[in-house]
Amino acid sequence: MDRLMSKLRSLDAYPKVNEDFYSRTLSGGIITLASSVVMLLLFVSELRLYLDAVTETTLRVDTSRGEQLRINFDVTFPALQCSIISLDAMDISGQEHLDVKHDIFKQRIDAHGNVIATRQDAVGGMKMEKPLQHHGGRLEHNETYCGSCYGAQESDDQCCNSCEDVREAYRKKGWGVSNPDLLDQCKREGFLQSIKDEEGEGCNIYGFIEVSKVAGNFHFAPGKSFQQSNVHVHDLLPFQKDSFNVSHKINKLSFGEHFPGVVNPLDGAQWVQHSSYGMYQYFIKVVPTVYTDINDHIILSNQFSVTEHFRSSESGRIQALPGVFFFYELSPIKVTFTEQHMSFLHFLTNVCAIVGGLPLEELYL
């Protein structure tokens, strides 16, 4: 056993070179010092790679069905007041979401972009001063109010007690309101006056909508929308305006949840309208994305690419509905990002390669 231990102690895989065959020089010392610094930097770099997670990207065919697509947005219209903007969404399956209000917020802004406090007595505040009843007469003492729908009611007992109720009943019938002052509810609520009071203001509209995961579009446009002869129409006559400035800035636009490293190409994009009428269109390709972090937490989201087009009027006649339209379609390919750590054996192999390179380089020099 002692003989074996003695042989192990004398074993040297790197025998030393006799001092008669080399000499110490200044240049050799500098090279050795530089090599040590490079070795240290490489070691720190490998250590960081080992401690940090790396992301692996794979492409797969998207076979998901029946899911919902969440669209988050924050858009500012500096020259379009909140009272006339509506949000609609529709898709190729025939589903329509007209004049969406759920989870949608509007902020009135002045010409300098400052937020104006929302009024509590906005359009819809009732002034019960003998309003017109459903039966055609005026409200009498101790009589319950039931406003007329002016022929747009779906049943005999339907009441339209506000201007918004009348406009909604007209929309369902596919009718447009030509002059709100001819409607008792709109006249009493000061519908046209409230629009005039907001003249020169802008609007910041933000929130989210959830739609079916199929191709479709959503758009911001003036007026209440309705279907007329299977055509999507917006009622612009009540606003009594010759043109609508749809200049806008997209503060944020995303499809689905946020995940690390995502880049939304329309964030911060803006466009200024120089003609009288026009429709600004964004054509978006949505790519389904699955992000799995280092703790196996899965985020279902989307990325997208976009192209833009402006459709202007010709010869002073409106050729397209003024507004901002987002047409989107889904890619059949799904991108999967997976966070993972470098294996310890891989890290150890790289460190040995770095450390072992220094004496070989010294011997050669």
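For the structure itself, consult the block above.
As the structure is a prediction and not an experimental result, all values here were calculated from the model.

Overview of the overall build of the chain
- Summing up its helical and strand segments, the chain has six helices and 16 strands in all.
- In the chain, buried positions account for 38% of the 365 residues.
- The contacts of the chain with a sequence gap of at least 6 include a subset with a gap of at least 24, amounting to 73%.
- Of the roughly 22000 Å² of accessible surface on the chain, a fraction of 54% belongs to carbon and sulfur atoms.

Remarks on the pattern of salt bridges
- For the coordinates displayed, the defined rule picks out seven salt bridges.
- A salt bridge links E67 to K213, with the nearest nitrogen and oxygen atoms 3.2 Å apart. In this pair, E67 sits in the loop between β1 (54-61) and β2 (68-77) while K213 sits in the loop between β7 (202-212) and β8 (216-222), placing the two residues 146 residues apart along the sequence.
- On the accessibility criterion, E67 (33% relative accessible area) is partly exposed.
- With its nearest N and O atoms 2.9 Å apart, the salt bridge here joins R188 to D184. One end of the pair is R188 and the other is D184, both in helix α4 (residues 184-189) and four residues apart, which spans about a single turn.
- The exposure class assigned to R188 is buried, which follows from its relative accessible area of 12%.
- The network of salt bridges with shared partners includes D62, E67 and K213.

Focus: the packing of aromatic side chains
- Under the criterion given, the structure shown has 19 aromatic pairs.
- Ring geometry for F220 against F326: centres 6.2 Å apart, planes inclined by 85°, an arrangement best described as edge-to-face. Placement of F220 in strand β8 and of F326 in strand β15 (residues 323-330) is noted, with a sequence separation of 106 residues between them.
- The exposure class of F220 is buried, given its relative accessible area of 2%.
- Judged by its relative accessible area of 1%, F326 is buried.
- Among the aromatic residues, those joined into a ring-pair cluster are F73, F77, F218, F220, F255, W271, Y280, Y282, F304, F310, F326 and Y328.
- Over the aromatic face of F208 sits the side chain of R70, whose NZ or CZ is 3.6 Å from the ring centroid.

Digging into the environment of F191
- Assignment of secondary structure puts F191 in helix α5 (residues 191-197).
- It is 7.6 Å that separates the C-alpha atoms of F191 and C163, two residues lying 28 residues apart in sequence.

Notes on the sheet that holds strand β5 (residues 104-109)
- Strand order in the open sheet formed by six strands is β6-β5-β7-β2-β11-β12, and the pairing between neighbours is antiparallel. The open sheet has two edge strands with one neighbour each: β6 (115-116) and β12 (269-271).
- As defined by bridge partners, β5 adjoins β6 across two bridges and the pair is classed as antiparallel. Along β6, the bridge assignment pairs I109 with V115.

Digging into the state of the cysteines
- Per the counting criterion, the structure on display carries four disulfides.
- Each sulfur of the disulfide joining C146 and C159 lies 1.8 Å from the other. When the S-S torsion is -95°, as for the bridge of C146 with C159, the disulfide is left-handed. Residue C146 is found in the loop between β6 and α3 (163-173), and its partner C159 is found in the loop between β6 and α3; the two are separated by 13 residues along the sequence.
- For C146, a relative accessible area of 17% translates into the label buried.
- Between the sulfur atoms of C163 and its disulfide partner C186 the distance amounts to 1.9 Å. Note on the C163 and C186 pair: the S-S dihedral is about 85°, so by sign convention the disulfide is right-handed. Note that C163 is positioned in helix α3 and C186 in helix α4, a separation of 23 residues in sequence. Each member of the pair, C163 as well as C186, is classed as buried.
- Going through the chain in sequence order and numbering each bonded cysteine, the pairs you get are 1-8, 2-4, 3-5, 6-7.

Comments concerning the pairing of strand β11 (residues 248-255)
- Summarising the sheet, β2 and β11 pair through six bridges and their orientation is antiparallel. Directly across from I71, in β11, lies its bridge partner F255.
- By the bridge criterion, three bridges tie β11 to β12 in an arrangement that is antiparallel. Bridging from a neighbouring strand, I250 pairs with A269 of β12.

Cut-offs applied
- Residues numbered from 1 in each chain as written.
- Predicted model: local features only at pLDDT ≥ 70, side-chain atom pairs only at ≥ 80, totals over all residues.
- Heavy atoms only, no water.
- Helix = DSSP H or I, 4+ residues; strand = E, 2+ residues; numbered from the N terminus.
- Buried < 20%, exposed > 50% of the residue type's maximum accessible area, 1.4 Å probe, protein only.
- Contact = heavy atoms within 4.5 Å.
- Areas by Shrake-Rupley, 256 points an atom, 1.4 Å probe, with all protein chains shown as cover.
- Salt bridge = Lys/Arg side-chain N within 4 Å of Asp/Glu carboxyl O.
- Phe/Tyr/Trp six-rings, centres within 6.5 Å; stacked < 30°, edge-to-face > 60°.
- Lys NZ or Arg CZ within 6 Å of the ring centre and 35° of its normal.
- Pairing = 2+ DSSP bridges.
- Disulfide = S-S within 2.5 Å.

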